[in-house]
Amino acid sequence: MDVDIRLESSLWIGTKRYRSVLNGWYFSWTEVDKKNREKRTVTVPVCELIGVEQGGVEVLPRKTVEDTDRDFTVFYVKRSSSGGSYGLLWGLGRIQFSCPSRDLRDQWTAHLRAAVKTHSPSRPLRLLVFINPFGGKKRGRQIYHSLVAPLFELAGISSHVVVTERANQARDHILKKDMTGFDGVVCVGGDGMFSELLHGIIGRTQQEAGLSEHDPTVTLQPCNLHIGIIPAGSTDCVCFATVGVNDPVTSALHIIIGDSQPLDVCSVYHHSSLVRYSVSLLGYGFYGDVLAESERHRWMGPLRYDYAGTVVYMSNQSYAGIVQYLPAESQLSSPRDNTRCLSGCRVCSESRERWVHNSLDSSSSYSVHFNQFKGDSDGEWVSVEGRFRCVSLTCMSSSCPRSPLGLSPSAHLADGTGDLILVRDTHPLNFLTFLHRHTSTQDQFDLPFVEVHRVKAVRFSFPPEQEEEETEGVRDKGMDDQERPCVHDGDTLDIHGSQQHLTERGEGGGMSSSKRRKNKDFVCGLCCGKSPSVSVWNCDGEILPFTEISCRIHGQLVHLYARGIEDKAAIQKCREGQQKCNGRCVLHN
């Protein structure tokens, strides 16, 4: 098949001559020896070119320009192994070419820039950037200005930067300010900052579409504005699960080339009032107790999670509850099929095609299921009652550096489902086995007290004999003391998050993000005689003010500047020549 050659000539890198070719989709250069024999070829997809500059230019660690009238410099995405991480690190590749004449240099730079515009139409031109200066190790500003801003400048992206000074400032800005002209929003911080952007973008999109976020049966409007994540927090679970590494340069390059990864979102309701959105972990029991305990020790930094996990494990608590769930169709995948949601995932792609088909049929089962969401009819709902160590719902694998495969290794980012994990009450050593398997490749679901289900919706409530006692205290200040884990007098727990603007409009009220409330109970089974009767919900690192909740998964509601985790094995085969791509696939550089 004929290839549409746009430009071809001999160029020099140092003293070596190269045959350089630009066609519609790829830019390649092949070393040629003195006998005109071709050696190694490097091929870069045009869509992964970051910038083309005249002269000899360096960008990182600081910008320098060598004014040579016959040279031009090409910057592109260069992959490397990320060590123990599951994904691949992206770095800024740089190559400086010398031309026989200045006219040829101008021709190459013009053609390369035009090719990038033609084949990368989704690249952002203007971004709104929020920096959390307090998250993680408090290096957000330094990370952005030293690593990210120079790359944005190289790619021709203009950015408006907001350094946040309070919780929910980013969310409120997106909800209330004029967003005209922005192609996307970027957070420099951790999962908390990402959650603010998530709530702001979803909320604004529904307002503009005239939809109520408080109706669980409403199909929410997908959001057009993309979200970029520059990891700089204590936890960067969403970034790790969608990219495979927590690296600011890798994330910045995904943003620059305009990668787009759809993402499922779970909406959480209490009495038909939206409480919060979740994308990673919605956890009751162990994970809720760990968060509640860790909040009392924020001065410890990230070490507080290790400490809190030990304290909560030693408390040996389980909780009574009724879990109801709406099973997802099992034709495409299951949480035990040992597959991974990687870049270009077939399951997520086919799910999207199925939704488009179902949207043409107003009587589709997908719509009917959620018309039952608030109704009394059980429909196809399944109910499980008992005592649980933890109840977890996740819309992604929730992988992180400590748990490379995550809470649910076969969960998908964009298939419109979540994985419900139920861990029943068991001996402490059995539960420790379950926790330890998250750090290895062993199947954490292959235990008799653990079950996992792929679901579209979930409801959690208390058994009838416990319900009246445990839930009557939920008011506009949140849970009463009986509903929370046991905390020593004098301790306070700061509850803040994006739920304020959601629950305050619904029935029953919500909890102000600016209030600190007194805790009289905390999970400390080793030193307290009283065992807490209920736990709290951990929703992406925030404590929910309610315990009886209902949840629904919204398929591909938002888009991130990412492409999913790239398959290391496929890239290795490609580089070793086992895949016959002839150096022409996106992974071959």
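So, how was this worked out
Residues numbered from 1 in each chain as written. Predicted model: local features only at pLDDT ≥ 70, side-chain atom pairs only at ≥ 80, totals over all residues. Heavy atoms only, no water. Helix = DSSP H or I, 4+ residues; strand = E, 2+ residues; numbered from the N terminus. Buried < 20%, exposed > 50% of the residue type's maximum accessible area, 1.4 Å probe, protein only. Axes fitted to C-alpha atoms, helices over the stretch in contact; angles between N-to-C directions. Parallel < 35°, antiparallel > 145°, perpendicular 65-115°, else oblique. Left-handed = near helix turned anticlockwise from the far one by under 90°. Contact = heavy atoms within 4.5 Å. Pairing = 2+ DSSP bridges. Core = buried A, V, L, I, M, F, W, Y, C linked by side-chain atoms within 4.5 Å. Nonpolar A, V, L, I, M, F, W, Y, C, P; charged D, E, K, R; others polar. Phe/Tyr/Trp six-rings, centres within 6.5 Å; stacked < 30°, edge-to-face > 60°. Lys NZ or Arg CZ within 6 Å of the ring centre and 35° of its normal.

1. A word on unusual backbone geometry
Argument step 1. Cis geometry is found at the peptide bond from Leu 60 to Pro 61, where omega equals 5°.
Argument step 2. In this model, Asn 36 sits at a positive phi of 65°, which is unusual for a non-glycine residue.
Argument step 3. Looking at the secondary structure, you find Asn 36 in the loop between β3 (26-32) and β4 (38-45).
Argument step 4. Residue Asn 36 is classed as exposed on the basis of its relative accessible area of 53%.

2. A word on the packing of helix α3 (residues 169-176) against helix α4 (residues 191-209)
Argument step 1. For the pair α3 and α4, the least separation of the axes is 8 Å and the interaxial angle reads 20°. With respect to their mutual orientation, α3 and α4 come out roughly parallel. Between α3 and α4 the crossing geometry is right-handed. Judged by residue contacts, Gln 169, Ala 170, Arg 171, Ile 174, Leu 175 and Lys 176 of α3 engage Met 193, Glu 196, Leu 197, His 199, Gly 200, Ile 201, Gly 203, Arg 204 and Gln 207 from α4.

3. Section: the pairing of strand β15 (residues 273-278)
Argument step 1. Across the six residues of β15, six count as buried, placing the element largely inside the fold.
Argument step 2. When strand β14 (residues 261-270) meets β15, the two strands line up antiparallel, connected through five bridges. Opposite Val 268, over in β15, you have Arg 276 as the bridge partner.
Argument step 3. Linking β14 back to β15 in an antiparallel pair, the connection comprises two residues, with His 271 at a positive phi of about 50°.

4. Notes on the nonpolar core
Argument step 1. In this structure, Val 185, Phe 194 and Leu 197 are the most contacted members of the largest nonpolar core, which totals 43 residues.
Argument step 2. If you tally residues by element for this core, the top one is α4, at six residues.
Argument step 3. Each residue touching Leu 197, except ones within four places of it in the same chain, is listed here: Phe 130, Ala 170, Ile 174, Val 185, Val 186, Cys 187 and Ile 227.
Argument step 4. If you look at the next biggest cluster of nonpolar residues, it comprises 28 residues, including Val 77, Leu 154, Ala 252 and Ile 255.

5. Considering the packing of helix α7 (residues 286-295) against helix α8 (residues 303-315)
Argument step 1. With their axes 8 Å apart at the nearest point, α7 and α8 run at an angle of 125° to one another. Regarding the angle of α7 to α8, the classification is oblique. The handedness of the crossing between α7 and α8 is right-handed. Between α7 and α8, the residues in contact are Phe 286, Asp 289, Val 290, Glu 293 and Ser 294 and Arg 304, Tyr 305, Tyr 307, Ala 308, Gly 309, Val 311, Val 312 and Tyr 313, respectively.
Argument step 2. Across the contact of α7 with α8, the residue classes tally to eight nonpolar, two polar and three charged.

6. Let's talk about the packing of aromatic side chains
Argument step 1. Tallied over the entire structure, the rule returns 16 aromatic pairs.
Argument step 2. Centre to centre, the rings of Phe 460 and Trp 537 are 5.4 Å apart; their planes meet at 85°, and the pair counts as edge-to-face. Taken together, the residues Phe 460 in strand β20 (residues 450-461) and Trp 537 in strand β23 (residues 537-539) connect sequence positions 77 residues apart.
Argument step 3. Take Phe 460: its relative accessible area is 4%, and that puts it in the buried class.
Argument step 4. Three or more aromatic residues joined by ring pairs form one cluster here, namely Phe 27, Trp 29, Phe 72, Tyr 76, Phe 97 and Trp 108.
Argument step 5. If you follow Arg 126 out to its NZ or CZ, it ends over the ring of Phe 182, 4.1 Å from the centre.
Argument step 6. A cation over a ring is seen here: Arg 459 above Trp 381, with NZ or CZ 3.8 Å from the ring centre.

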